[in-house]
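Chain by chain, the residues:
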Amino acid sequence: QVQLVESGGGVVQPGGSLRLSCAASGNIHDRIYEMGWYRQAPGKQRELVANVKNDDTTNYADAVKDRFFISRDKEQNILYLQMNSLKPEDTGVYYCTLERVYRDYVFWGQGTQVTVSS
């Protein structure tokens, strides 16, 4: 029904930047309620990084405010996460999510690894 494919992860030094992308496809035309990014660090629970509703309202975790920026290309159905001033604690697998207007299920991508290390 819905497919999410993330890209853009990699290894970066502290202080560096990365931009993640998530291409959404499937039965989503005019049906997206919210898209977001979650991450999971080794040995830790998955946590919200940022999300954006269809009315462009955004929400960020305190740990990434003023460093990370979420945006969405509604024409192409691509979600972005611009990550600046990266820290080692930002290391983890980053997942894209999509919830449709039915509010009954959250779709997840397969994840992309981000490693911040010198």
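Up top is the structure these notes are about.
This structure is a prediction, so every number in the text was calculated from the model and none was measured.

### Focus on the nonpolar core
Then, number 1: Leu4, Met35, Trp37, Leu81, Met83, Tyr94 and Leu98 are the most contacted members of the largest nonpolar core, which has 28 residues in total.
Then, number 2: Sorting the residues of this core by element identifies β1 (2–7), β3 (18–26), β4 (32–40), β5 (47–53), β7 (68–73), β8 (78–83), β9 (92–100) and β11 (112–116) as the ones contributing at least two each.
Then, number 3: Top contributing element to this core by residue count: β3, with four residues.
Then, number 4: The residues touching Tyr94, leaving out its near neighbours within four places in the chain, are Glu6, Leu20, Trp37, Tyr38, Arg39, Val49, Phe68, Leu81, Met83, Gly111, Thr112 and Val114.

### What to know about the environment of Leu86
Then, number 1: Note that Leu86 resides in the loop between β8 and β9.
Then, number 2: If sequence neighbours within four positions are ignored, Leu86 has contacts with Val12, Pro14, Gly15, Gly16, Ser17, Leu18, Arg67, Phe68 and Val116.

### Re the state of the cysteines
Then, number 1: Under the counting rule described, the total for this entry stands at one disulfide.
Then, number 2: Disulfide partner of Cys22: Cys96, at an S-S distance of 2.1 Å. On the sign convention where negative is left-handed, the bridge of Cys22 and Cys96, at about -75° about the S-S bond, is left-handed. Of the two residues, Cys22 is situated in strand β3 and Cys96 in strand β9; the sequence distance between them amounts to 74 residues. Residues Cys22 and Cys96 agree in their burial class; the two are buried.

### Details of the sheet that holds β8
Then, number 1: Ordered by their spatial adjacency, four strands build an open sheet running β1-β3-β8-β7, and the pairing between neighbours is antiparallel. The sheet is open, and its two edges are formed by β1 and β7, each paired on a single side. Strand after strand, the sheet turns through a mean of 15° between neighbouring axes, direction not considered.
Then, number 2: Sheet topology note: the β7/β8 ladder contains six bridges and is antiparallel. Paired with Ile70 across the strands is Leu81, a residue of β8.

Basis of the calculations
Residues numbered from 1 in each chain as written. Predicted model: local features only at pLDDT ≥ 70, side-chain atom pairs only at ≥ 80, totals over all residues. Heavy atoms only, no water. Core = buried A, V, L, I, M, F, W, Y, C linked by side-chain atoms within 4.5 Å. Buried < 20%, exposed > 50% of the residue type's maximum accessible area, 1.4 Å probe, protein only. Helix = DSSP H or I, 4+ residues; strand = E, 2+ residues; numbered from the N terminus. Contact = heavy atoms within 4.5 Å. Disulfide = S-S within 2.5 Å. Pairing = 2+ DSSP bridges. Axes fitted to C-alpha atoms, helices over the stretch in contact; angles between N-to-C directions.

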